[in-house]
Amino acid sequence: MGSITELFQSQFGTNSAYIEELFHLYQQDRALVGETWASYFDSVSLTLPTATTEHFMLPSDRESTPAALTNGATNGYYHGPTEDAAVQERVYRMISAFRGRGHLKADINPLTLGVHPLPQVEDVEVDFYHFTDSQMKKVFNCSGLGGRESMPLGELIEELQRVYCGSIGFEFTHLLTQAERLWLQEKIEQRFIHGYQHTNEQRTHRLKKIIDAEAFESELHRKYIGHKRFSLEGLETVIPMMDTILEYGANDGVKEAILGMAHRGRLNVLVNTLGKPLEEVFSEFEDQNIYTALGSGDVKYHMGFYSQYTAPSGNSLLLHLAPNPSHLEFVDPVVEGIARGIQDFSYERSRKSVLPILLHGDAAFAGQGVVFETLNMARVDGFNTGGTIHIILNNQIGFTANPDESRSSTYCTDMAKAIEAPIFHVNCENIEAACWVAKTALEFRNFYGRDVVIDLYGYRKYGHNEGDDPSFTQPLTYSEIKKKKSIAALYSERLQEEGVLTQDDVKGLYEDFRTRFHLAHEKTTENDPIGEACAVHGRIKVHCPQTGVPLEKLHEIAQTLVQYPDWFTPHPKLQKILEKRVSTLDKGEGIDWGFAETLAFGSLQNDGVSIRLCGQDSGRGTFSQRHLALRHYEGGQTYFPLQTLEDTKDKGFFEVINSTLSEAAVLGFEFGYSTINAPSLVLWEAQFGDFANGAQVAIDQFISSSEAKWNQRAGIVMLLPHGYEGQGPEHSSARLERYLQVCAEGNMVVCYPSISCQYFHLLRRQGLSSIKRPLIMMTPKSLLRHAGAACTVDRLTNGSFQTIIHEQVGLGKPKKIVFVTGKMYHDVAHALAAQKDCPPVTLVRLEQLYPFPAEEIEHLLNKGKFKEYLWVQEEPENMGAFRFINHCFLDEFGLTLDYFGRPISASTATGSAKRHAYEQTSILESLIERIFEGE
């Protein structure tokens, strides 16, 4: 018989291409083509040489199919297969099926009633292959299974069942790199031979951790009936798993582990993994937490913690559980950013040194978009942390929703296949299997530097919180859960049966924990409650450093833009732009926004401050204004001019990162990075300020409130392009009003600078400040190239950031004072300058809106005798800064401002360019009319 193509052409003529497509599907999964076609292709497969079907095989199939199958093949033709060769082909297909789909048959679920069923696949059923009793006794090649070349078929089947259909389900054949697949395959198939075997001492320790976890929950349940604690019961196995990861991580060079998790089981992890003293936990139940006296505080299952873990070997690592809000998975990118920051500043960018561990809920992992946004960053250079271990606390329910109501996929972990993460599904009632998975996941992460996902199948003993009755919505499941023995009871019985421990030993482990628990509780309840809460952190004022830079230093930085290495050829047009930009420094004037930014970054590097700038298109800049990541014109490589300043260790590094097309996860990452206590300036830039609300959770739950809630400060700078220029409602407003609305207690800084030198000094002030808080900055679009927004060189070499700038227009003593901010200053100043015999008026730019510059404004007001106080903005009245600033004027000075701007609006801006121009002109005309009024 000829080739596969010739065979199908001879039998099906013009339909042969379609039949080949069916054959391709059959090679992946015979169930995809139906039984009739599958039977036909079975017969075809047995009469064709491997060479003719190789093109159609999956990678996993090829790895299971040795060259021996080509026996009898000559020049692409097959001559008379023997019976054993035909059986051997079925054996290889069976091995491949178990490796790829055995997880669907694995015993991973501790529940049987009312659970989400896994799909049934024919080719992991032995009957599918029609082996005879006599064939079961014959020896066949087993493709390396169990470290052997061959074994009797019956024994081979038992081994496949034991390895791939036990308490662990493996998904690894989707990995595209053969070395990674084979590494995992060897670990999996030799697990019972050369794998991780617990010593009796380790088994006792694992049981102790499980008992501690269970006893902690049960004792809390007795002491604090009705209190929300989001119990871990039904998934306590994660505690010895975490212990395994930390023990072997410490022994394998991991220096720090950064943990992120939601509320489920958090108190248990705090006590039994991080070692948080029980007294501190009880103080939170009794509302005696000292942190409430420092800020507004947060509930006990949101708080973070630092500690040190010491392995039995004596090796240790630092542990950090990041604080988190109730917004489940939004802590994920924050943890990644923290890990990356520590790697960069403490371990010379060693990715292995800091291990991110994320604990997820099953419904949240599949349902929260920020999860995939975070996963998508895992293999992107600017966000890579050397791999994360993800553990799904899979209680098979989302609040009250069943899995088929929560996702479309078979598993909650299916999206992780997109980044080729190996996935282990494991039954929580097999503690030793779960700990083996944890160790293997760590080894894979440390060796390959990639993410691993562990799907820990368990259950939730109570409702979403301890006050819920889950039997209302899952009656069958909870009828089974009520009858189940605890995980600790199951494991202790096993160890007693195997002679590792006696019943008295087990009782002693329970009593040890209960004794510690009750002693700690007695101590806590004897303490007096704390006094009245008083937020103090945000009220600590920071000294403002001098930010001028000597001219010779500015020249040194500027030259990096026009001096290139031998291998690099700049874009001819861009080269002229950069040369013209540098020439403004020689002229001493016309230093535009982008150039002032470059000089600020470079000067900070010279001061030992590292720069990390991240955002969509940030290398070039959304408006082609930056150009700090230059593409080689003839090769495509990237050259970063400011990185040439990193010539000594006392200089800061520079990196600009074109981010993934995400706001929520990327801003969360940069927030986390900016919490690291290091000399740095961390900036996130929105493509347009309008798009920042795609990260609203990061802004509301982290950036604006983390210090008050968790004593967690961050120095993140948000660059938000803002300004009304007729580009419509989605490209005009960064929603300045929303940031001002959450300003309180000195929690952050909000600025809207009007000129490039102010931007320069503001960046340097933030970078050099010893105590940093978030800086929210409205940045320009049209002003980027506006001559009036450029500055002279002396404005960079001298001075510092000015919270307000004032000037007088017209002659005489002004009775009217006009307040503006940002871009609107240029429109107002131009309109006033165009007036003949303009009455005297004081024009004030509020460059910093929060903290409100009350002292500076009061000093200005006291110098004049003003009778009218005007506010001008281009945003609608219910947006922009007006209502916030008007309230500040009323509180501080007993004054109200007269408003000039667009009327209240549901939308930020009109979509009509003509309408926009009319509105802008109307604002200015009404202002001018008012200024001339009474003069």
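Everything numeric here is computed off the predicted structure, so don't read it as measured data.

A. Up close: the overall build of the protein. On a plain count of helices and strands, the protein comes out with 34 helices and 26 strands. In terms of principal-axis extent, the alpha carbons of the protein reach across some 115 × 80 × 55 Å. Sequence-distant contacts, at least 24 apart, represent 80% of the contacts inside the protein between residues at least 6 apart. Working note: accessible area of the protein is about 38,000 Å², and carbon and sulfur atoms make up 50% of it.

B. Looking closely at the sheet that holds strand β17 (residues 680–685). Overall, mixed pairing links the seven strands, which are arranged β16-β13-β17-β18-β20-β19-β24 in an open sheet. Either end of the sheet is taken by a strand with one partner, and the two such strands are β16 (654–658) and β24 (848–850). Sheet twist, expressed as the average angle between the axes of neighbouring strands with direction ignored, equals 20°. Two elements, β17 and strand β18 (residues 717–721), share three bridges in a ladder whose sense is parallel.

C. Representation of the pattern of salt bridges. Per the counting criterion, the structure on display carries 48 salt bridges. Its salt-bridge partner being arginine 626, residue glutamate 597 comes within 2.6 Å of it at the nearest N-O pair. Note that glutamate 597 is positioned in helix α24 (residues 593–606) and arginine 626 in the loop between β13 (610–615) and β14 (630–631), a separation of 29 residues in sequence. Comparing glutamate 597 with arginine 626 shows no difference in burial state: the two are buried.

D. Molecular detail of the sheet that holds strand β21 (residues 804–809). Taken in spatial order, the five strands line up as β21-β23-β22-β25-β26 in an open sheet, and their pairing is mixed. Taken across any chain shown, the strands that pair with only one partner, and hence form the sheet edges, are β21 and β26 (898–902). The sheet shows a mean angle of 20° between the axes of neighbouring strands, direction not considered.

E. Just helix α34 (residues 913–932), in detail. The terminal C-alpha atoms of α34 lie 29 Å apart, and with 20 residues this matches the ideal 28 Å at 1.5 Å per residue to within 8%. Residues of α34 that are buried include every one of His916, Glu919, Gln920, Ile923, Leu924, Leu927, Ile928, Arg930 and Ile931, and no others. Across the axial projection of α34, the buried residues extend over an arc of 165°, all falling on one side. Seen from the open side of α34, the exposed residues pointing more than 90 degrees away from its buried face are Lys914, Tyr918, Glu925 and Glu929. Residues of α34 that are buried sit in contact with β22 (816–820), α31 (824–833), β23 (841–846), β25 (868–876) and β26. The opening residue of α34, the one whose side-chain oxygen lies 3.4 Å from the backbone nitrogen of lysine 914, is serine 912. The positive-phi residue at the C-terminal boundary of α34 is glycine 934, with phi of around 80°.

F. Representation of the pairing of β22. In terms of residue burial, β22 counts as a mostly covered element, since five of its five residues are buried. Residues Lys816, Val818 and Val820 of β22 are buried on one face, and the alternating residues Ile817 and Phe819, pointing to the opposite face, are buried as well. Relative to β23, β22 runs parallel, the two sharing five bridges. Bridge assignment links isoleucine 817 to a residue of β23, and that residue is threonine 842. Between β22 and its parallel partner β23, the chain crosses via α31, and the hand of that crossover is right-handed. Direction of pairing for β22 relative to β25: parallel, over a ladder of four bridges. From the neighbouring strand, lysine 816 faces β25, where its bridge partner is glutamate 868.

G. Representation of the pairing of strand β9 (residues 354–361) in the model. Burial analysis of β9 places seven of its eight residues in the buried class, which makes it a mostly covered element. Two elements, β9 and strand β10 (residues 389–394), share five bridges in a ladder whose sense is parallel. What sits directly across from isoleucine 357, in β10, is isoleucine 389.

H. Representation of the packing of helix α23 (residues 572–587) against α24. The interhelical angle for the contact between α23 and α24, taken along N-to-C directions, is 75°, at an axis separation of 10 Å. Accordingly, the angle class assigned to the pair α23 and α24 is roughly perpendicular. Across from Arg581, Val582, Thr584 and Leu585 in α23, the residues of α24 making contact are Gly594, Phe595 and Leu599. The residue makeup of the contact of α23 with α24, split by class, is four nonpolar, two polar and one charged.

I. Quick peek at the packing of aromatic side chains. Enumeration over the complete set of coordinates arrives at 35 aromatic pairs. A ring pair is formed by phenylalanine 424 and tryptophan 436, whose centres lie 6.4 Å apart and whose planes are at 80°; its orientation type is edge-to-face. Remark: tryptophan 436 occurs in helix α18 (residues 431–448) and phenylalanine 424 occurs in strand β11 (residues 423–427); sequence separation between them is 12 residues. Taking the relative accessible area as the measure of exposure, phenylalanine 424 reaches 2% and is therefore buried. Overall, tryptophan 436 belongs to the buried group, its relative accessible area being 4%. Measuring from centroid to centroid gives 5.0 Å for phenylalanine 444 and tyrosine 448, while their planes differ by 40°, and the two rings are tilted. On the criterion of helical spacing, the pair formed by phenylalanine 444 and tyrosine 448 is a turn pair, its members being four residues apart in helix α18. In this structure phenylalanine 444 comes out as buried when scored by relative accessible area, which is 1%.

J. Representation of the environment of leucine 270. One can find leucine 270 in helix α12 (residues 266–272). Classification of leucine 270 as buried rests on a relative accessible area of 0%. Along the chain, leucine 270 and glycine 304 lie 34 residues apart, while their C-alpha atoms are 8.4 Å from each other.

K. Just the packing of helix α32 (residues 854–863) against helix α33 (residues 882–893), in detail. Where α32 meets α33, the axes come as close as 11 Å, and the angle between the chain directions of the two elements is 70°. With respect to each other, α32 and α33 are oriented roughly perpendicular. Relative to α33, α32 is oriented so that their crossing is right-handed. For the pair α32 and α33, contact is made by Ala854, Ile857, Glu858 and Leu861 and by Phe889, Glu892 and Phe893, respectively.

L. Unusual backbone geometry, seen in detail. For the bond from tyrosine 850 to proline 851, the omega torsion is -10°, close enough to zero to count as cis. Its place among the elements puts proline 851 in the loop between β24 and α32. Residue histidine 130 is not a glycine yet carries a positive backbone phi of 55°. By secondary structure assignment, the location of histidine 130 is in the loop between α6 (83–101) and α7 (133–136). We classify histidine 130 as exposed; its relative accessible area is 62%. Within the chain, glutamate 420 stands out as a residue other than glycine whose phi angle is a positive 60°. Turning to its location among the elements, glutamate 420 is positioned in the loop between α17 (403–406) and β11.

M. Molecular detail of the side chain of serine 618. Assignment of secondary structure puts serine 618 in the loop between β13 and β14. Beyond its immediate stretch of four places on either side in the chain, serine 618 contacts Leu613, Arg626, Val656, Ile657, Asn658 and Glu685.

N. Summary view of the environment of isoleucine 817. With respect to the helices and strands, the residue isoleucine 817 is situated in strand β22. For the pair formed by isoleucine 817 and lysine 865, sequence separation is 48 residues and the distance between their alpha carbons is 9.7 Å. Beyond its immediate chain neighbours, meaning those up to four positions away, isoleucine 817 contacts Thr842, Val844, Leu860, Leu861, Phe866, Glu868, Tyr869 and Leu870.

Conventions adopted
- Residues numbered from 1 in each chain as written.
- Predicted model: local features only at pLDDT ≥ 70, side-chain atom pairs only at ≥ 80, totals over all residues.
- Heavy atoms only, no water.
- Helix = DSSP H or I, 4+ residues; strand = E, 2+ residues; numbered from the N terminus.
- Contact = heavy atoms within 4.5 Å.
- Areas by Shrake-Rupley, 256 points an atom, 1.4 Å probe, with all protein chains shown as cover.
- Pairing = 2+ DSSP bridges.
- Axes fitted to C-alpha atoms, helices over the stretch in contact; angles between N-to-C directions.
- Salt bridge = Lys/Arg side-chain N within 4 Å of Asp/Glu carboxyl O.
- Buried < 20%, exposed > 50% of the residue type's maximum accessible area, 1.4 Å probe, protein only.
- Expected span 1.5 Å × (residues − 1).
- Arc of directions from axis to C-beta.
- Polar contact = N/O pair within 3.5 Å; in protein donor to acceptor, adjacent residues only side chain to side chain.
- Right-handed = clockwise from strand over helix to strand, strands pointing away.
- Parallel < 35°, antiparallel > 145°, perpendicular 65-115°, else oblique.
- Nonpolar A, V, L, I, M, F, W, Y, C, P; charged D, E, K, R; others polar.
- Phe/Tyr/Trp six-rings, centres within 6.5 Å; stacked < 30°, edge-to-face > 60°.
- Left-handed = near helix turned anticlockwise from the far one by under 90°.

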